[in-house]
Amino acid sequence: MTPRLVLVGCGKMGEALLAGWLAADMTADEIVVVEADPGTASALRERHGVAVVAGADALAGEDRPQAIIFAIKPQALAAAADAYARYAASDCVFLSIAAGRTIASLQARLGAAAAVVRAMPNTPAAVGRGASVACANARTSDEHRALCQRLLSAV
């Protein structure tokens, strides 16, 4: 089964990931982007055909994504993470590419049950030639690791 993803934030690196996933083997209906800026949201819908919502509260309560990817500015991560903590007890993995934010800081926001992976793709990811190292917490299963590897490998 192909993963269902929630991409929180879709700036340059977030959109590079999104484009990579769509070019690889995912379809637009498997991805929901959370983007508060209406202009950016509209552009993403047009360019990629993905669903875009303004915030975590707009996600359907019964939705259980396989991965939530934080691709937002580091200063916004703490507040954003709180809104997604409800998914920590499910089989969801949290992948963060926010610079300077540690696994411990994310786990403190998301809860002890959260599977957290931290990565920092480099600039060439924007053209599909990037490299990154991913680090996971103890709650991250082999399946979570494989999924994050797949997501990061797309760029």
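Heads up: the structure comes first, above all this text.
Remember, predicted model here, so these are calculated numbers, not experimental data.

Criteria and cut-off values
Residues numbered from 1 in each chain as written. Predicted model: local features only at pLDDT ≥ 70, side-chain atom pairs only at ≥ 80, totals over all residues. Heavy atoms only, no water. Helix = DSSP H or I, 4+ residues; strand = E, 2+ residues; numbered from the N terminus. Rg over C-alpha atoms; globule rule 2.2 N^0.38 Å. Buried < 20%, exposed > 50% of the residue type's maximum accessible area, 1.4 Å probe, protein only. Pairing = 2+ DSSP bridges. Right-handed = clockwise from strand over helix to strand, strands pointing away. Core = buried A, V, L, I, M, F, W, Y, C linked by side-chain atoms within 4.5 Å. Contact = heavy atoms within 4.5 Å. Axes fitted to C-alpha atoms, helices over the stretch in contact; angles between N-to-C directions. Parallel < 35°, antiparallel > 145°, perpendicular 65-115°, else oblique. Left-handed = near helix turned anticlockwise from the far one by under 90°. Arc of directions from axis to C-beta. Nonpolar A, V, L, I, M, F, W, Y, C, P; charged D, E, K, R; others polar.

Details of the overall build of the protein chain
Each helix and strand in the protein chain was counted, giving five helices and seven strands. For the protein chain, the N- to C-terminal ordering of α and β elements is β-α-β-α-β-β-α-β-α-β-β-α. In terms of C-alpha radius of gyration, the protein chain reaches 14 Å, essentially the compact-globule figure of 15 Å for 155 residues. Counting only C-alpha atoms, the protein chain reaches 40 × 35 × 35 Å along its principal axes.

Some points on the pairing of strand β4 (residues 67–70)
A two-sided burial pattern is seen for β4, the buried positions comprising Ala67 and Ile69 on one face and Ile68 and Phe70 on the other. Sheet topology note: the strand β1 (residues 5–8)/β4 ladder contains four bridges and is parallel. The residue of β4 that forms the bridge with Val8 is Phe70. The sheet contact formed by β4 and strand β5 (residues 93–96) spans four bridges and is parallel. Each residue of the ladder has a partner; that of Ile68, found in β5, is Phe94. With helix α3 (residues 74–84) bridging β4 and the parallel β5, this β-α-β connection has right-handed handedness.

With respect to the nonpolar core
In this structure, Leu18, Trp21, Val33, Ile69 and Leu151 are the most contacted members of the largest nonpolar core, which totals 28 residues. Going through the elements one at a time, β1, α1 (12–24), β2 (31–34), α2 (38–48), β4, β5, β6 (115–119) and α5 (142–153) are the ones with two or more residues in this core. With residues up to four places along the chain from it excluded, the contact list for Ile69 reads Leu5, Val6, Leu7, Val8, Leu17, Trp21, Leu95 and Leu151. Listed in part, the 23 residues of the second largest apolar core include Val34, Leu77, Ala80 and Ala98.

Remarks on the packing of α3 against helix α4 (residues 103–110)
Helix-helix packing is described using two parameters, namely the angle between the two axes and the distance between the axes. Running from N to C, α3 and α4 cross one another at 45°; their axes reach a closest spacing of 8 Å. One element, α3, and the other, α4, form an angle in the oblique class. As for the relative orientation of α3 and α4, their crossing is right-handed in sense. Every residue of α4 that contacts α3 at Leu77, Ala78, Ala79, Ala81, Asp82 and Tyr84 is listed here: Leu106, Arg109 and Leu110.

Quick word on α3
Along α3, the residues that are buried comprise Leu77, Ala80, Ala81 and Tyr84. Here the buried residues of α3 occupy an arc of 110° about the axis, which is enough to place them on one side. Projecting away from the buried face of α3 at angles above 90 degrees are the exposed residues Gln75 and Ala79. Elements that come into contact with the buried residues of α3 comprise β1, β2, β4, β5 and α4.

Describing the packing of α1 against α2
For the pair α1 and α2, the least separation of the axes is 12 Å and the interaxial angle reads 20°. Classed by the angle they form, the pair α1 and α2 counts as roughly parallel. For the pair α1 and α2, the sense of crossing is right-handed. For the pair formed by α1 and α2, the contact residues are Glu15, Leu18, Ala19 and Leu22 on the first element and Leu44, Arg47 and His48 on the second. Residues that form the contact of α1 with α2 fall into these classes: four nonpolar, one polar and two charged.

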